[in-house]
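Notes for the structure review
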Amino acid sequence: MLSERLLTKIVRECTKQYLKLEPATEARVPAPVPGQSYMLYMHVPFCERLCPYCSFNRFPFSEDRARPYFRNLRTEMRMLKDLGYDFESLYIGGGTPTIMLDELCQTIDEARELFSIREVSSETNPNHLVPEYLEALQGRIQRLSVGVQSFDNGLLKQMDRYDKYGSAEEIFERIKVAAPYFTSLNVDMIFNFPAQTEEMLRHDLEMVLASGAGQTTFYPLMASPSVERSLAATVGKVDYAREQLFYEIISETLAGGENPAYTFGSAWTFNRIVPTAGVSEGDAAGQGVSANVPEADPSRTGEPEHCGAQERPDLGAHKLVRAAGHDEGPMIDEYVVDYEEYPAIGSGGITYLGSSLYVNTFSLKEYNDAIESGRMSLSGKATFSLRDRMRYRFMMQLFGLRLDKQQFQRDFGCTVERGLPLEMDFMKFAGAFATNDENELTLTAKGRYLMVVMMRQFFIGVNNLRDQARQALPGDERELLFGDGSACAGCGK
């Protein structure tokens, strides 16, 4: 549609402007603002296989590279503690965070000792949904996000995931086993693969519905120019013309009709509805009551148990999906919605604090050298104007389905209509707003799709930034990626 094509172009150009990096000279990120809430993002850039569609910082796994890296992640956490930071929420992305179970457990345990961590989210791959991992992670991780991408064996083979992570049938059974171990088990899916048909998509949806997953996220395929080239060589050329149709099928199947199985958590995240005693199914849908929330295990209410793997010699916002009756809302799959500002640790991490964005070096060697010398690995920086920050708030809150107009005016000193007149006019003309009063903006079905388009283009812009960072890698590390590098959890992000 015309509004989608126009929005794609607008966001692409805007993203180019405000993601222009300059060299960062700071030794550490700025100290926290008193009273401000922050989430901690941690990046683990190791994978057993490198997916052709993934732009995140990732390297083929080796224990020799991973152990010193995890050790430096823990040192970097202590740097943030020294700056005065505290966190209630930790998100661990990758790469594949669960790639070294003992190191991950030790790192989570230390984070809980240093900070007021109440909820931990982590990404993983289906081959790690086995008893050894599940038992070690239960109680340490509240929300586990599993990179499935598709339940079609042909597509899994195209993505080079079938042999390593198992068939669609094996993955499906592992998800059913793993779900009760966590407050929320999220199934990450990707739609609009070049070879994906409408029939394949509907089969994916049937499998998600039958899996018992409390949450699912359907990302549109997002590829920077460099990744588009590798995609074209492996799975084919991306076709955005059918993206809206596929999104409408997903939305209607999961959250449409009189008795939907899921409700929207964001424009592309869906939370399963579980009616509770005295709550009708319709009411539950409005409250976003989520599935896969087992009774609390009294033995796990204190400190996490020691990770069994440790006995052997030497994985942007979030609120957790919670049981009915808890005050806080469901957790969605993009931490940038609930936590607008967050420091990021680890190679390839991207920090957003105040009006500044910082990018950590993508080089493992440079990262380790920086941390071991007592400084952070900040390599690039972008500074946002007031208008850029307003646009960012507009996009992120609407992606989370509601923009708080009163908060916007308090934070920026003007109404959203005055601060962003062109953006408001475009969205009103496109029929994007279901509610537009003095307190809030909410979205129509068309508005939700426009937010998918906007976020898709924004993340493609971030992926371009990652591509630039990869170009600066030393020769031996470039060879790891572009030589015979041999897929990663969360690769749809």
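Here we summarise the structure given alongside this text. Here the structure is a predicted model, which means the values were calculated and not measured.

1. Comments concerning the packing of helix H8 (residues 198–211) against helix H10 (residues 243–255)
Running from N to C, H8 and H10 point in directions that differ by 30 degrees, and their axes come no closer than 11 Å. Taken together, the axes of H8 and H10 lie roughly parallel to each other. As H8 runs across H10, the sense of the crossing is right-handed. Each of Glu-198, Leu-201, Arg-202, Leu-205 and Leu-209 in H8 lies in contact with H10, whose residues at this interface are Leu-245, Phe-246, Ile-249, Ile-250, Thr-253 and Leu-254. Of the residues assigned to the contact of H8 with H10, the class counts are 8 nonpolar, 1 polar and 2 charged.

2. Quick notes on the pattern of salt bridges
Evaluated as defined, the whole model comprises 20 salt bridges. Note that Lys-428 is salt-bridged to Asp-425, the shortest N-O span being 4.0 Å. Placement of the pair is Lys-428 and Asp-425 together in helix H17 (residues 421–429), with a separation of 3 residues, close to one helical turn. On the basis of relative accessibility, which here comes to 43%, the residue Lys-428 falls in the partly exposed class. Residue Asp-425 is classed as partly exposed on the basis of its relative accessible area of 44%. A network of salt bridges, in which partner residues are shared, links Glu-63, Arg-67, Arg-74, Asp-102 and Glu-103.

3. Observations regarding the environment of Arg-393
Looking at the secondary structure, you find Arg-393 in helix H14 (residues 386–399). Sequence separation of Arg-393 and Asp-404 is 11 residues, and the distance between their C-alpha atoms is 9.8 Å. Once you skip the residues sitting within four places of it in the chain, Arg-393 turns out to touch Glu-340, Leu-403, Gln-407, Phe-408, Asp-411 and Phe-412.

4. Focus on the environment of Glu-372
Secondary-structure assignment places Glu-372 in helix H13 (residues 364–372). Reaching out from Glu-372, the side chain makes a polar contact with the side chain of Asn-72 at a distance of 3.0 Å.

5. Here we look at H14
Counted at 1.5 Å a residue, the expected span for H14 with its 14 residues is 20 Å, and the 20 Å between its end C-alpha atoms agrees. The buried fraction of H14 amounts to 10 of the 14 residues, a majority that puts the element mostly inside the structure. Within H14, burial applies to Asp-388, Met-390, Tyr-392, Arg-393, Phe-394, Met-395, Met-396, Gln-397, Leu-398 and Phe-399. Leu-401, located one to two residues past H14, shows a positive phi value of around 90 degrees.

6. Some points on helix H7 (residues 168–178)
Think of an α-helix as turning once every 3.6 residues; residues three or four places apart then point the same way. Listed in full, the buried residues belonging to H7 are Ala-168, Ile-171, Phe-172, Ile-175 and Ala-178. Taken around the axis of H7, the buried residues stretch over an arc of 135 degrees, which confines them to a single face. Packing partners of the buried residues in H7 comprise helix H4 (131–137), strand E7 (143–149), helix H5 (153–158), helix H6 (162–165), strand E8 (184–191) and H8.

7. Here we look at the packing of aromatic side chains
The full count for this structure, using the stated rule, is 18 aromatic pairs. One aromatic cluster is present, built from ring pairs that chain together Tyr-219, Trp-268, Tyr-352, Phe-384, Tyr-392, Phe-399, Phe-458 and Phe-459. Between Lys-157 and the ring centre of Tyr-162, over which it is positioned, the NZ or CZ distance is 4.7 Å. One residue, Arg-448, lies across the ring of Phe-264, its end atom 3.9 Å from the ring centre.

8. Brief notes about the sheet that holds strand E14 (residues 356–360)
Taken together, the 4 strands give an open sheet; going across it, the order is E1-E15-E14-E13, and neighbouring strands pair in antiparallel fashion. What marks the edges here is a single partner per strand, and that holds for strand E1 (22–23) and strand E13 (350–353). Across 2 bridges, the pairing between E1 and strand E15 (residues 378–383) is antiparallel. Bridge pairing in E15 places Pro-23 opposite Gly-380.

About the cut-offs
Residues numbered from 1 in each chain as written. Predicted model: local features only at pLDDT ≥ 70, side-chain atom pairs only at ≥ 80, totals over all residues. Heavy atoms only, no water. Axes fitted to C-alpha atoms, helices over the stretch in contact; angles between N-to-C directions. Helix = DSSP H or I, 4+ residues; strand = E, 2+ residues; numbered from the N terminus. Parallel < 35°, antiparallel > 145°, perpendicular 65-115°, else oblique. Left-handed = near helix turned anticlockwise from the far one by under 90°. Contact = heavy atoms within 4.5 Å. Nonpolar A, V, L, I, M, F, W, Y, C, P; charged D, E, K, R; others polar. Salt bridge = Lys/Arg side-chain N within 4 Å of Asp/Glu carboxyl O. Buried < 20%, exposed > 50% of the residue type's maximum accessible area, 1.4 Å probe, protein only. Polar contact = N/O pair within 3.5 Å; in protein donor to acceptor, adjacent residues only side chain to side chain. Expected span 1.5 Å × (residues − 1). Arc of directions from axis to C-beta. Phe/Tyr/Trp six-rings, centres within 6.5 Å; stacked < 30°, edge-to-face > 60°. Lys NZ or Arg CZ within 6 Å of the ring centre and 35° of its normal. Pairing = 2+ DSSP bridges.

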